[in-house]
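Per-entry structural report
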Amino acid sequence: MSLLTEYLLAFIAVMLIPIYYYYTKLRRIEKFFENFPTPPTEPFFGNARDFTTTSAFLTTLHKYTKAHGSMVHVKMGPVGHVLVCSDHKFLEFLLSSTKILKKSRNLKYLSPWLGDGLVIADGGPKWKTHRKLITPAFHFKILEQFVDIFESASDVLVQKLSEMSGSKSLDIYPYISRCTLDIICETAMGTKIDVQNNEASAYFKGVKDMCRIFVIRTMSIAKRYDFMFKFTKDYVIQQDAVKVLHDYTNQVIDKKRQQLKEKKQEDKEKDFDDLGIKKKKVFLDLILDASVDGQSLSPEEINEEVNTFMFGGHDTTATASTFILYCLANNKEVQDKVYEEQRQLFGDDVKDVKVTYHNLQEMKYLENTVKEGLRLYSPVPIFGRHIDQDIEYDGITIPKGVGVIVFAHGIHMNPEYYPDPEKFDPSRFESCEKRPPYAFIPFSAGVRNCIGQKYAILEIKSLVSKIVRNFELFPSVPEHKMDLAAETVLKSLNGVKIGLKLR
Ligand code: HEM
């Protein structure tokens, strides 16, 4: 055989690899998707051009679900496929599975900041150990001590909003967002960054930059691939942001570690302050102390998990609280009931009272109001799963490689489970007997559900209760129609505007 023939054969063999790959992997996936309806596609693009902006993302998913049902095949470009799902039976199968634990691949854009922390982790043994180690940090005894932190941060919030009393159309999101960042920083690390009084905080800017760049990378073809992203301005911004965020957490963790070492050597009784009151333990203290089966987290892993809390625990609760306040401003009857419950609990002292964990548990009407807000404006409207092994569902094999979009907001707006779904009506949550359990999933469900959900509900109740006790809320004048978008969390691109007046 001549050298030329050898080269030719080698070339043909190399060319055959992608064809073989297509027929063995992609063809199986394509065949699977033939089981589901596909909205009309364009050549080459498929359905991709219906998803060019973050606000189009949400409206398109609702449009598809309305027209084609709760399991829709969406074609993204020439070879991309995804199953958009808001069917409660399939969601129960998917989310309760202990085999399907891999998240959407897009989350990797957060890894320069969060490493391999819980939100991104692949669901393997490392994730399992970390989840086991971290879960006790959300015990109600721990959450109980955070109520004071919620209270003092929301006192600053009330003071800031008081300066705007009488506003007829105020975007409240920036105020709430700074407050929840202060809260997560203090409960996760035990340090105050006080961004409510220090808007120029480099840490605040770093968090905002990372969340923005994450969304851009999921949408932009040019920035999706690392080798192209590296030539963009956002890459430089990301490098700076990651340095600021990591330097800050490293510094706090090192300090805590040192304190812990000294404390161990000195006196274990130092858990109590000079007045004999037990000192607060924040997440970082608990993670530093934690060990399961002799295993504890390395310094790098602790850093990843603390950063993960900072990411997962501030914009979600800010979004939830903001939209709930918007709903109250636009539904006077519900707002009056929430306020009445506060008056029943605290009497005339309603403004100045220092709320406890026990008080928050007693706010039953407020709890249903929070749940209704999470339904109507789900802070995490979509999330993803990646099927990494063949698995059977209802007589069909779902092949390895299939991507699923869990359309939580889709199921929350299904009139079959929520009649008149656009209406804000907390009474829906007075009895949930008739509703399938997987029809309400703002915190996802199953083994990879939100580890912070109890913390989140407590914090949101604390903030909303404080605001309603201090302010009367009104619909914005002029009328404000929100432009909703599915970004890292749900966003209104033109702000969340309401009127407010001190009570
Ligand atoms: C209203 C507030 C919140 C909402 C709506 C929310 C929603 C969610 C959802 C839907 C998931 C699953 C995402 C997925 O499967 O891809 C999740 C996971 C997670 N959340 Fe939350 N979250 C909230 C607040 C918090 C808070 C306050 C924290 C921490 C302090 C937190 C920490 C996490 C973590 C660490 C995970 C990953 C858990 C794992 O995979 O093991 N979240 N959250």
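Residues numbered from 1 in each chain as written. Predicted model: local features only at pLDDT ≥ 70, side-chain atom pairs only at ≥ 80, totals over all residues. Heavy atoms only, no water.

- Per an unreviewed UniProt entry, the chain is named Cytochrome P450-like protein, and its organism is Asbolus verrucosus.
- In its Cofactor (unreviewed entry) section, UniProt records this for the chain: "heme". (UniProt positions renumbered as here; feature names shortened; annotations may be inferred.)

1. Quick notes on the UniProt feature "binding site: heme" (unreviewed entry) in the chain
- Residues annotated in UniProt with the feature "binding site: heme" (unreviewed entry) correspond here to Cys450.
- Tracing the backbone shows Cys450 in the loop between helix H18 (408-412) and helix H19 (453-470).
- Assessed through its relative accessible area of 32%, Cys450 is described here as partly exposed. (Helix = DSSP H or I, 4+ residues; strand = E, 2+ residues; numbered from the N terminus. Buried < 20%, exposed > 50% of the residue type's maximum accessible area, 1.4 Å probe, protein only.)

2. Let's talk about the packing of helix H7 (residues 173-189) against helix H13 (residues 299-312)
- Two elements in contact, H7 and H13, have axes separated by 9 Å at closest approach and are oriented at 155 degrees. Our classification of the angle between H7 and H13 gives roughly antiparallel. As for how H7 packs across H13, the hand of that crossing is right-handed. Packed against H7, whose contacting residues are Leu181, Ile184, Cys185, Ala188 and Met189, the element H13 presents Val306, Phe309 and Met310 at the interface.
- Its residues assigned to classes, the contact of H7 with H13 comprises eight nonpolar, no polar and no charged. (Axes fitted to C-alpha atoms, helices over the stretch in contact; angles between N-to-C directions. Parallel < 35°, antiparallel > 145°, perpendicular 65-115°, else oblique. Left-handed = near helix turned anticlockwise from the far one by under 90°. Contact = heavy atoms within 4.5 Å. Nonpolar A, V, L, I, M, F, W, Y, C, P; charged D, E, K, R; others polar.)

3. What to know about the sheet that holds strand S7 (residues 403-407)
- In space, the four strands of this open sheet follow the order S1-S2-S7-S4, with mixed pairing throughout. Single-partner strands in this sheet number two, and they are strand S1 (71-76) and strand S4 (382-386). For this sheet the average axis-to-axis angle between neighbouring strands, irrespective of direction, equals 30 degrees.
- Two strands pair when backbone bridges link them, and S4 and S7 are joined in this way by five bridges, in the antiparallel orientation. Pairing of Arg385 across the sheet is with Val404, part of S7.
- In the packing of helix H3 (residues 88-96) onto the sheet, the strands contacted are S1, strand S2 (80-85), S4 and S7, and the crossing angle to S7 comes to about 115 degrees. (Pairing = 2+ DSSP bridges.)

4. Digging into the pattern of salt bridges
- Scanning all chains against the criterion turns up 28 salt bridges.
- Here Lys126 and Glu304 are joined by a salt bridge, their closest N and O atoms 3.6 Å apart. One end of the pair, Lys126, is in helix H5 (residues 125-134); the other, Glu304, is in helix H13, with 178 residues separating them in the sequence.
- By relative accessible area, which is 10% here, Glu304 ends up buried.
- Note that Asp315 and Lys491 form a salt bridge whose closest N and O atoms lie 3.1 Å from each other. (Salt bridge = Lys/Arg side-chain N within 4 Å of Asp/Glu carboxyl O.)

5. Quick word on the site of the ligand
- Neighbouring residues of the ligand: 28 residues in total, closest Trp127, Arg131, Arg385, Arg448 and Cys450.
- Between Lys103 and the ligand, the recorded distance is 3.3 Å, taken from a side-chain N or O atom to an oxygen atom.
- Here an oxygen atom of the ligand sits 3.3 Å away from a polar atom, N or O, in the main chain of Leu118.
- Going through the elements one at a time, H5, H13, helix H14 (315-329), S4 and H19 are the ones with two or more residues in the shell around the ligand.
- Looking at the shell around the ligand residue by residue, the class counts come to 16 nonpolar, eight polar and four charged. (Near = heavy atom within 4 Å. Polar contact = N/O pair within 3.5 Å; in protein donor to acceptor, adjacent residues only side chain to side chain.)

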